Structures are given as C-alpha cells and as structure tokens.
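Residue strings, one per chain:
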Amino acid sequence: EEEEAKLQNGGFLPCPPGPGGGGDFPAGTALEEPLRSCRLRSEAERCGGATAPLPPAPLAFTDVNLNSRNTYEVSRRRSAPEHLPTGGTTPEAPAPPQEPAERAQRAGIAGISFAEFFTRNFFTKRTKELKPAVQSAPGWKLFGKVPPRENLPKDSKIIQQEYEARTGRMYKPPPPSARRKNIEFEPLSTTALILEDRPANLPAKSVEEALRHRQEYDEMVAEAKKREIKEAHKRKKIMRERFKQEENIASAMVIWVNEILPNWEGMRATRRVRELWWQGLPPSVRGKVWSLAVGNELNITPELYEIFLSRAKERWKSFSETSSENDVEDAGASVADREASLELIKLDISRTFPSLYIFQKGGPYHDLLHSVLGAYTCYRPDVGYVQGMSFIAAVLILNLEEADAFIAFANLLNKPCQLAFFRVDHSMMLKYFAAFEVFFEENLPKLFLHFKSYSLTPDIYLIDWIFTLYSKSLPLDLACRVWDVFCRDGEEFLFRTGLGILRLYEDILLQMDFIHIAQFLTKLPEDITSEKLFSCIAAIQMQNSNKKWAQVFASLMKDNKEGDKNHSPALKS
C-alpha cells in the first residue's frame, strides 16, 4: 500500500496531518508532482535503510526550473516536515533498496548545511563570453515564439563574390603605381576624393575607371593652378599700380606743399598745376586746395559760424520743448520754413553715407554734420535745407575742420548752378538741361537718339547727380577726384562728368528701355574705376560749333523763348 501511495504521489509518501488532526492539508492529500532534485536529506537517509527514528533533517534549497507547474506548491512541500509524531499515522515502511550511485547523488544534493549554502553562490554568474547564436528553426520563449534572424550583415568578401557571380566579371586590383602617392597640390575641397577607393561594401574600381579618375583629377588640379596663377598676377598688378599711385601722390604732395600752395595765385592757372590737378589732389592737401579754389566771396568768419550755430541750437531746443503753433504764426513764414528744415535734417542725416557708419546717430561725425547743416539753415533761411545737402556737407567735413567746412559749404552752394538747383529755379534748371543736351548730341549722337526715342529727359538722372555733386552716385574716393577737377573747372565739369558716365556705359544703355535706363543711371555700378571714368571724361569735347560751355549757356540765357520750351515735362508737372 505504501509503495502504491508513493507511486501515486510521485515517489513520496502522503503528507500526514499536523498534531491534533489539524494541519495545512487534510489527511491523505497527495502533493503535486515535485522535482526529483527537490527531495530532502531525510528521504535519502530513509531510502538508505535506516530503521531507527532520526532527528529532523536540515532544510535544503534548490533551484526552481521553469518546468515545474506550481512553484508555490513546491515551496510549501519543502516546508512540510518529513518525520511527524507517530500518533494518528501509520508508521512508514522502509523504502526498497536503491542503487548506490543514485543514493550518493541524492545524498550530495540534500546534505548541504546552511553554512555551506551561504558560502557558495546561489545565483550563478553569467560569463562574459557569449555563445554564438545558432540560427536554426524558430525556438520557443516563455511568452512567445522567436522568429529566426534575417538580413545578417555580410562580409565584404561575400558581397564581392556575389557581385562577381551575378555579373560574371572578375575584379583585378589596379597596380600600385596607379594609386595616389605624393601629390604636390592638394586643393582645399573634395576634389581629391575622386582618387579614393570605394568602401569595402561596394564594388571596387576597375583599372580603366581608376585611370580615368586620375586623369580627371590631374585636369582639375591643372585648372586650379592656372586660376590661382592668374589671380596672383592680377593681385600683383593691382599692388604695383597702388604702389605707383602712392609714390605719385607722395611726390605730388611735396610739389603742392612746397611750390604750389605758397604761390597759389601765381601758379593755379599754369599748365603744370592743371595737369597735376587732373591727376587728383593728395588727400593731405585736398581740403586746403578746395577752400582756396571755392573761395570765400561771402566773407564768412568762424565767429559768424558760431553765431548761427547757437541760433540753430536755440531753435532745436524750442522746437523740442513746445509744439504750439502760435510761435510759428507770430514768427512768420520764414521761421516756419526754417524749423521745418531743422526737423528734416534729423531725418536726412541718417541716410548720409550709411555704409560708413560715421554720420548716423552715435557716430563720430553725427553731431558735427548736424551743426553745419543747422547753422546753414539759419544763415540762409531763403534756401533752407534741401535733400542732398547732407552729402555735400559730409564730404567737406571729411576733408576740412568744422568752421572751414561751413565756410566752403556756404560759398559752394552760392554758385549759380547750385543755387539754381537748391532753390528749385525751374527756368534756370531747364537752361542747364538744354545746354547739356547740346553737348550730349554732339558727343554721343547714337545714344542721344536712343534716349529721345523713349522721351528720356536729362532731369531724370541729372538732378540727383548735380544735387549731391556725384557723392551719392559714385564711390567716395572717385567722387572726391571729381570734386578736385570741379573746383578747378567749375560747373562745366559737372555736366562733362555726366557725359563721361554715359559714354562709359553707352553699349549697355543702348540695349535698355526707359525703365531700365532710369534705374541704371540712378544706381551706378560700384565697380567703376577712376581710370576708366576719367578716360571717358577726357574723350568728351565740350565744344559745339566752336562754342564752349559758357558761350552755349549764355546764348540760351538770351533766348528766353527757347529756354521756356518743354525740355523737361517732369519739372513742369
């Protein structure tokens, strides 16, 4: 009966009830099938044939396999006593003899004390050596099926073999001489990448392809060398011209300082001085020569400038403190115009040479320019401030002291041509335009007819040039050289410079229509050079039927009827 009970209970006796008939389990209740490795030492000793009652065996701990159906029941079974009191239960019969090897194995598993247990590793350490994954049929995990891995990374040799098998071509590596070795010129770009071999996972280059890439690279390097040599020659040429120009300026400065300026009245009209004047004034003497050439017909003194500057400051202060209209009405129309001009100066100064950042608010010349323009507005209330004056005053400030700049500014604007334009005298402006067209037709007849076909009158482009004396339309250094000869020749050179600009861009202007011509002449190219412009200006002949500019303009002044004709419809409107 005991053997049958063991067979039914997986080799163990049924667990008897606890003392008093109680316990966790009812009598005769069989435990579920345990692991064979989970038996206790007492069972092993009992299986060895011991008949005497033994003391309770120490508990043993074992690993739990995932194959057990209920780990909770296993833990309960391990905690159940093996030897219970004899009362109320049937004494156990000795187990049948077992093989010695099986007994030794079971005794080795169960005969572990607590001290031995804590001295060994309960959780086995994982070794760092990973076993190679075996790609076989899909295996089973605890919570699902693991599919086999696909698209494994292939070795480059395998890829090469597959490529050769697919294409039927065998790769022969290029000879070592075809590879890049010592390259004298390495461009700072990705040009040299064409000589590099392809990555290992791509088909390698053939011999023909490698040679072709080498040839293309050599051509690119040769072209880059030519381009660099050409640019180097160009830079050297520019530097030589600059050094030559600086030497000429230095030698000319010595002549101007030591010979011409001390004897200004006697030498200013000589041929030698005029030739030096045409080549451009040295920057160190430019302001002085301008002041002497413009003159001081108005007899303005530095003290007079301070007087008008103080008046301008008072006007600015009163204008900012009060905005009542009673003061303006009581002061009269001239003061109202003056105050309007003072307010317009603040708006226009910020637009004066914006690329230099010296005349804008916070710049070193902002207050100085503001003072000169404000003093002139109080000095000439009949003219006031007109847009374009700020550029003329700015150029003078860059070359003269504050008081000298104001004196030259006031006398320059007092010239007939500038006074006519800044006072917006339409009849005088039309006469200047008519005289300009006479010489325009004489020097550039083809372009003159092209302008006539589009009804493009001179006022469209000349007003801006004359108002700012080309300081807004041309680069500053080139505009200063135009000013040099303008101080020598007067208003005639302003219109001659305009004809020189038209001659310089004649071929381009002949291909344009009305709108593009107006836009082009309003904003001239920035790469214009003084040599090209002055060569075109020198080619302009300011004579018409043996009449010079002054004679032609005088004849137009006499003929009032002809002067009132519609040469510029835009001004009439």
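Residues numbered from 1 in each chain as written. Predicted model: local features only at pLDDT ≥ 70, side-chain atom pairs only at ≥ 80, totals over all residues. Heavy atoms only, no water.

As named in an unreviewed UniProt entry, the protein is TBC12 protein, taken from Ramphastos sulfuratus.

**Student:** Requested: an account of unusual backbone geometry, with residues and values cited.
**Tutor:** Notably, Tyr357 is not glycine yet its phi reads approximately 60 degrees, a positive angle. With respect to the helices, strands and loops of the structure, Tyr357 is situated in the loop between helix H13 (333–349) and helix H14 (366–379). The phi angle at Val424 is positive, at roughly 55 degrees, despite the residue not being glycine. Among the structural elements, Val424 can be located in the loop between helix H17 (416–422) and helix H18 (426–443). Relative accessible area serves as the criterion here: at 45%, Val424 is assigned to the partly exposed category. (Helix = DSSP H or I, 4+ residues; strand = E, 2+ residues; numbered from the N terminus. Buried < 20%, exposed > 50% of the residue type's maximum accessible area, 1.4 Å probe, protein only.)

**Student:** Any chance you could break down the nonpolar core for me, citing the residues and the numbers?
**Tutor:** Formed by 113 residues in total, the largest nonpolar core has its most connected members in Trp256 and Leu502. No other element matches the nine residues that H18 contributes to this core. Beyond its immediate stretch of four places on either side in the chain, Trp256 contacts Leu261, Pro262, Trp264, Val273, Leu276, Trp277, Leu281, Pro282, Val285 and Val289. (Core = buried A, V, L, I, M, F, W, Y, C linked by side-chain atoms within 4.5 Å. Contact = heavy atoms within 4.5 Å.)

**Student:** Any chance you could break down the packing of helix H20 (residues 459–468) against helix H24 (residues 514–522) for me, citing the residues and the numbers?
**Tutor:** The interhelical angle for the contact between H20 and H24, taken along N-to-C directions, is 10 degrees, at an axis separation of 9 Å. It follows that H20 is roughly parallel to H24 by the angle criterion. Residues Ile460, Tyr461, Asp464 and Trp465 of H20 form the contact with H24, whose participating residues are Phe514, Ala518, Leu521 and Thr522. Here the residues of the contact of H20 with H24 sort into six nonpolar, one polar and one charged. (Axes fitted to C-alpha atoms, helices over the stretch in contact; angles between N-to-C directions. Parallel < 35°, antiparallel > 145°, perpendicular 65-115°, else oblique. Nonpolar A, V, L, I, M, F, W, Y, C, P; charged D, E, K, R; others polar.)

**Student:** Describe the pattern of salt bridges, naming the residues involved and giving the relevant values.
**Tutor:** Oppositely charged side chains can pair when the atoms bearing their charge come close. Going through the model one piece at a time under the given rule, you end up with 11 salt bridges. One salt bridge in this structure joins Glu275 and Arg271, with 3.4 Å as the shortest N-O distance. Taken together, the residues Glu275 and Arg271, both in helix H9 (residues 271–278) and four residues apart, mark about one turn of the helix. The exposure class assigned to Arg271 is exposed, which follows from its relative accessible area of 68%. Put simply, Asp484 and Arg286 hold a salt bridge, and the shortest N to O gap is 2.9 Å. One end of the pair, Asp484, is in helix H21 (residues 476–489); the other, Arg286, is in helix H10 (residues 283–294), and 198 residues separate them in sequence. Each member of the pair, Asp484 as well as Arg286, is classed as buried. (Salt bridge = Lys/Arg side-chain N within 4 Å of Asp/Glu carboxyl O.)

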